[in-house]
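Observations on the model geometry
Next come the chains, spelled out residue by residue.
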Amino acid sequence: MARRLSYSARYEHPTEKVYSALSSRDFWDAQMVEFRKLTPQSDVEKFVVDENGIDIVLVQTLPKSDLPAIANAVIKKDMIITRKEFLGPFHPEKTEGTYSAGIPAGPGSLTGVQELFPTESGCTLRRTTEVKVYVPFVNGKLEQLILVNLVDLFRGEAEFTADWIKANG
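The text that follows walks through the structure, step by step, so that each part is easy to find. (Residues numbered from 1 in each chain as written. Predicted model: local features only at pLDDT ≥ 70, side-chain atom pairs only at ≥ 80, totals over all residues. Heavy atoms only, no water.)

1. Some details on the sheet that holds strand 6 (residues 108-119)
Stated precisely, the cut-off is as follows: DSSP calls a pair of strands paired once it identifies at least 2 bridges connecting them. Runs of H or I in DSSP of at least four residues are treated as helices and runs of E of at least two as strands, each being numbered from the N terminus. Inter-axis angles, ranging from 0 to 180 degrees, are taken between N-to-C directions of lines fitted to C-alpha atoms, where helices are fitted over the stretch in contact.
In spatial order, the strands read 1-7-6-5-4-3-2; together these seven strands make up an open sheet with antiparallel pairing. In this open sheet, the two edge strands, each paired with only one partner strand, are strand 1 (3-11) and strand 2 (41-50). In this sheet, neighbouring strand axes are inclined to one another by 15° on average, regardless of whether the strands run parallel or antiparallel. In the sheet, strand 2 pairs with strand 3 (residues 53-62) via nine bridges, with the strands oriented antiparallel. Considered in strand 3, the bridge of K46 is made with V57.

Written out as structure tokens, the structure is:
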């Protein structure tokens, strides 16, 4: 059974500024520098911004020795996470996109939709995630572990984004 999570990052900046940050290669490179503090191998593998929107692929490698015990039981090598982010062309009322994360031969999937829209005080980037793990007996525990860590990730990324916009634009 899949588990779902909805997370909203609220910004004091208008949607145009947040979208502009997400369209900047400098933003993603700076974020990878931050990711490397926790995951030494974190890279932007693909970066395309065009009339179709923003299309990014990030690859992170977590050493097996850093994985929690429950994950070590399922993942036999270093965990390579490929994360795909897509946000369509900017629209002032609502910009929509998708994201996913996968692990080669991984025991599950993570997919989601995202929406960037204005609010009275700035804007919100809402992400709705679905996590499925296909390992009997531990699937629920692993799904919950992933969602807890995802909240931490989204929170950290929102703080990074707000700080980066203040410093750069």
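Moving on, there is more to tell.
2. Comments concerning the pairing of strand 5 (residues 95-102)
Where strand 4 (residues 79-87) meets strand 5, six bridges bridge the pair, whose relative direction is antiparallel. Paired with K84 across the bridge in strand 5 is S100. Pairing analysis gives seven bridges linking strand 5 to strand 6, with the strands arranged antiparallel. Pairing of T98 across the sheet is with V113, part of strand 6.

3. Section: the pattern of salt bridges
Quick note on the threshold: Within this document, salt bridges are pairs made up of a side-chain nitrogen of Lys or Arg and a carboxyl oxygen of Asp or Glu, the two lying within 4 Å of each other.
For the structure on display, the rule yields 14 salt bridges. If you follow the salt bridges from partner to partner, you end up with R83, E85, R127 and E157 in one network.

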